[in-house]
Every structure is written in structure tokens, then in C-alpha cells.
Protein chains: 2
Amino acid sequence: MARASYHHGDLRNALVAAATAAVRSGGPGALAVREVAREVGVSPNAAYRHFAGHADLLATVAEHARGAMGAAMAEGLSSVAAQDDPLALARARLRAVGRAYVEYAVAEPGLFRVAFGETPEGPPGCVGGPDPWAMLQERLDEMDAAGGLGRRGRDGADTVAWAGVHGLAELLVGPLAGLDERARGAAVDRLLAAVAAGLAA
Amino acid sequence: MARASYHHGDLRNALVAAATAAVRSGGPGALAVREVAREVGVSPNAAYRHFAGHADLLATVAEHARGAMGAAMAEGLSSVAAQDDPLALARARLRAVGRAYVEYAVAEPGLFRVAFGETPEGPPGCVGGPDPWAMLQERLDEMDAAGGLGRRGRDGADTVAWAGVHGLAELLVGPLAGLDERARGAAVDRLLAAVAAGLAA
DNA sequence: ACGGCTATGTTCACGCCGTCCACATGAGGC
DNA sequence: GCCTCATGTGGACGGCGTGAACATAGCCGT
């Protein structure tokens, strides 16, 4: 870790790591280019060789956070038991990614905030894992194929599902932080059921 | 506006107004105590006679924003036509406040962000209008009384409804900004329908 | 082997911000 | 009419983001 030479060798990654740590424990506002540089043991302006500035560094952290979130969702998905009824399976899989979404937010509030907080227009993108948005799309395609999307069909189903899950995550990280484990679990269950019902209607 | 005397007379309100304007066009990050003071024509430190600091000023702006949002919701509610079927009426009224919630967020993204963005633990509170959260509760009580909440009942219904609406608002202000008016309206309609279906299930 | 090119870090400097402290002012109560 | 206390001012400190000029060293062609 200690850099013996004038050139660091892996500064960019080191900066991203330090920045991620900062955001992780303190949210987006806790990111300071100077401090991150200090942490890595490098002069403040060294960071400008790898990032356009504070915003760019933050955006990079956000990309990685989205990737990590996608990975968590993929893991949740992979642990869904196989099942004969394709519709029930599709529902279970949708629930699994939804649950993983909010659980990630609760587990990593700082990273979650930064992942979807500031969106300076343009496609988000993500690195280090699958794209959460894409994963949701796949689940909904599956639901559609299984006939789980009701009268209103596939169009706009993604927005509904995402809004429900994202909103709950946002609340649990914000105004509803402080809900105990139990209440939180119940809220997640009920919300996922409501989303499923809403999509089927 | 120009103050003739050493003492301003209404500094606190003037500061809140200027701060609100700043947040309105630029989000939470655009609030600077010094700039607000400059705008009002007063020394930077004068603000410290009325607010504990930057965070306190921002929190005050947030309170007002929540009040304004509550007012918008109340207005949306008041324009719901009377109706004989109490359940249909309750549903329409719930939809109205939900729609107003989302529309306020889209109309005032900066204020919306600050209204629910940083919650330093503790009850939010609001000034200048009814409490959005309380308004939602009332709508759900009404729904419950009309028998509109299904098997799972009133408990937790508030979280589901709020999550759906809040999540959509958050998306429309963030990753889904740039949706055109038409798509946005469709998304709101579909989400509100889904929430209703989810609550009835 | 060596000399220069270029990517990568460093130093210095500027202006802005939040906030603390000591001081000035003046409005309102005795 | 004076005194007091809330309110506003000035100056200062440290931190931040960032630009410009300079230093270092890995690398590549000769």
C-alpha cells in the first residue's frame, strides 16, 4: 500500500476506494477530494490527473455502487428455488431482486444515496456488476412471458415496479430510518406483494 | 427591500426566502449561507443570530417546502368531485393527493429534494401548510373506513402508498427526468392504479 | 546505452465557504 | 433619558475545489 516511488502505480483505483469508503460512512456530502488524496498519501491535485473534479469522482463512486447493488440483486436472484409454475417462479424472482434492492439500500445507505442521488442527466451506467435497471427489465419480461402482467401489460410496468421498490428504499434510508428490523421486513413484504398485485391488475 | 436602518426588521424571513430561492434553482447543494446573506444585503454572520448554521437553515427551508407540498396536496384534494359511492370517493381522493405529491416534486425538484433529502433523525415537521404525511394518513383512514383496504388491512398501508408515490417522484426528479409530459402522466396514472390495486389486495 | 517525450505527482496560489470571537449599534423597557 | 440586550458588523482561521507552472520518472526509439 505504501508507495515507495514517486509514481503511485494504481492511483485511480486507490482514489476510488478511498472515496467509496468516505461516501459509505457519511453519504455524498462526506466526499472531499483533498481528504481522499490525503488518505491515499498523495497531493490533492494528483486526483485531477484521473478525474475531472469532485463531481466526476463522485459519479465514479456512484457507478461502482450501482454495480455492487446489481451484484447483490444477482445473488438474491440466484437463491430462488426452482419451481414448476412459471408464473409463480417469475413472481418469486421479481420479489427476490426487489428485496435485494431495498436490503442493499438499508445495508449501505451512503452508497445507495450516491448511486441514485445526483443524476447529471444521461444514462447512469455501472461497473463491477450487472446493471440493476437491466435486471429489473429482465424480471418483468419474464413476468410478461408468464402472463403475470395484467390488463395494462408490459409497458410502464418497469416504472411502477422500480418506483415502489426505490421509494421504499428511499424511505427506509430517510424519513423511516429507525424502523426496527421487524417492521422493516414487514414493510418490504407488504410492498412487494402490493407491487405484484399492482402489476397483475 | 433595501433596509434603511442598521437593524433589518425581518431578517429571519428574508433569509429563509432567499435560501428557498437558492435551493429552488439548484437543489440542496446550491445553498450557501454567505451568498444568501449577501443577497439579503447583510453580513454573513448576521445569519447566525437566526440559525444555528448552514444545516439549520437548510432544515428550515425543508420545513417550508414540506408545508408548500402539503398545501398543493390539499388543493388537489379539494378539487375532487363529490360522489355517492364512498369507496370510489375515497379512492379518488387518495389518487388526488398522490398525484399532487408527484406533481409538486416535478414542478419543484429542488425543493422536493430538500424536503425529504437529508433527515437528521427525528420527526420532520412542516410549516406553512398541512403535513403531507398526515394528509396521506387521513386518506388511508378514509379508505379503510370505506372498506378499500383488503386482506392486509390498514397496518402498513401508509408505507406502501407513500413508497409508491415517493419512489415515482424521486425517479421523475432523478434518473427518469427527461421523460416527456405524456410519458410522465401515463406513469403517474399507472402507478396510482397499481397502488390502489396493491392496497385492495 | 542514452536522450528525450509524456504520463503522473507536486507546489503554489486564488477565491469561496462555514464558523468563531470581539465589537458596534440601536430599539424598547425602566 | 438612560441601560440593556437583541441584532448586525468586521476580522480571522482553517478547509475546500481547482487552475497554472514545475518536477519526476517510466518508456520508447535510436
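Just so you know, these numbers come straight off a predicted model, no measurement behind them.

In the vicinity of DNA strand D lie 25 residues, with Arg34 and Asn45 of chain A together with Ser43, Asn45 and Arg49 of chain B positioned nearest. What you see for DNA strand D is that sugar and phosphate hold 48% of its atoms within 4 Å of the protein. Measuring from a base nitrogen of DNA strand D, one finds a side-chain N or O atom of Arg34 of chain A at 2.4 Å. Between a phosphate oxygen of DNA strand D and a side-chain N or O atom of His50 of chain B, the distance comes to 2.7 Å. Among the elements that take part in the surface near DNA strand D, helix H2 (residues 33-40) of chain A stands out by supplying 3 residues, more than any other. Its residues placed into classes, the surface near DNA strand D shows 9 nonpolar, 10 polar and 6 charged.

Between its first and last C-alpha atoms helix H3 (residues 54-78) of chain A spans 36 Å; for 25 residues at 1.5 Å apiece the expected length is 36 Å, and the two agree. Structurally, H3 of chain A contributes buried residues whose contacts are with helix H1 (11-24), helix H4 (86-107), helix H5 (109-116) and helix H6 (132-145) of chain A.

Right, let's get into the nonpolar core. Core analysis: the biggest nonpolar cluster contains 122 residues, and Tyr101, Phe112 and Leu199 of chain A together with Tyr101, Phe112, Leu168 and Leu199 of chain B have the highest contact counts within it. In this structure, Leu168 of chain B is in contact with Thr159 and Ala163 of chain A together with Val102, Ala187, Val188 and Leu191 of chain B, ignoring residues within four places of it in sequence.

With that settled, consider the environment of Ser79 of chain B. All names here are of chain B. Within the secondary structure, Ser79 sits in the loop between helix H3 (54-78) and helix H4 (86-107). Sequence separation between Ser79 and Arg93 is 14 residues, and the spatial gap between their C-alpha atoms is 9.1 Å. A polar side-chain atom of Ser79 sits 3.0 Å from the main-chain carbonyl oxygen of Gly76.

This part covers the relation of the copies chain B and chain A. For the pair chain B and chain A, the relating rotation is 180 degrees, the translation along its axis is 0.0 Å, and the fit reaches an RMSD of 0.1 Å. Expressed as a symmetry operation, the mapping of one chain copy onto the other fits a two-fold axis. The position closest to the rotation axis in chain B is occupied by the C-alpha of Gly167 of chain B, lying 1.6 Å away. Of all interface residues in chain B, 100% are interface residues in chain A too; the two copies therefore contact each other through one and the same surface.

What follows covers the protein's contact with DNA strand C. Not every one of the 24 residues close to DNA strand C is listed here, only the nearest: Ser43 and Arg49 of chain A together with Arg34, Arg38 and Asn45 of chain B. Taking the atoms of DNA strand C that fall within 4 Å of the protein, sugar and phosphate contribute 49% of them. One of the side-chain nitrogen or oxygen atoms of Arg34 of chain B is found 2.4 Å away from a base nitrogen of DNA strand C. A distance of 2.8 Å separates a phosphate oxygen of DNA strand C from a polar atom in the backbone of His54 of chain B. When residues in the surface near DNA strand C are grouped by element, the largest group, 3 residues, is from helix H2 (residues 33-40) of chain B. Of the residues belonging to the surface near DNA strand C, the class tally is 9 nonpolar, 10 polar and 5 charged.

Attention now goes to the packing of helix H7 (residues 157-173) of chain B against helix H8 (residues 181-200) of chain B. Residues and elements named next belong to chain B. In the contact formed by H7 and H8, the axes pass within 10 Å of each other and the chain directions differ by 165 degrees. One element, H7, and the other, H8, form an angle in the roughly antiparallel class. For H7 against H8, the interelement crossing comes out right-handed. Listed contacts from H8 to Ala157, Val160, Ala161, Gly164, Val165, Leu168 and Leu172 of H7 are Arg184, Ala187, Val188, Leu191, Leu192, Val195 and Leu199. Class assignment of the residues belonging to the contact of H7 with H8 gives a composition of 12 nonpolar, 1 polar and 1 charged.

Parameters and conventions
- Residues numbered from 1 in each chain as written.
- Chains lettered and ligands numbered in written order.
- Predicted model: local features only at pLDDT ≥ 70, side-chain atom pairs only at ≥ 80, totals over all residues.
- Heavy atoms only, no water.
- Near = heavy atom within 4 Å.
- Polar contact = N/O pair within 3.5 Å; in protein donor to acceptor, adjacent residues only side chain to side chain.
- Helix = DSSP H or I, 4+ residues; strand = E, 2+ residues; numbered from the N terminus.
- Nonpolar A, V, L, I, M, F, W, Y, C, P; charged D, E, K, R; others polar.
- Expected span 1.5 Å × (residues − 1).
- Contact = heavy atoms within 4.5 Å.
- Core = buried A, V, L, I, M, F, W, Y, C linked by side-chain atoms within 4.5 Å.
- Buried < 20%, exposed > 50% of the residue type's maximum accessible area, 1.4 Å probe, protein only.
- Least-squares fit on C-alpha atoms with pLDDT ≥ 70 in both.
- Axes fitted to C-alpha atoms, helices over the stretch in contact; angles between N-to-C directions.
- Parallel < 35°, antiparallel > 145°, perpendicular 65-115°, else oblique.
- Left-handed = near helix turned anticlockwise from the far one by under 90°.

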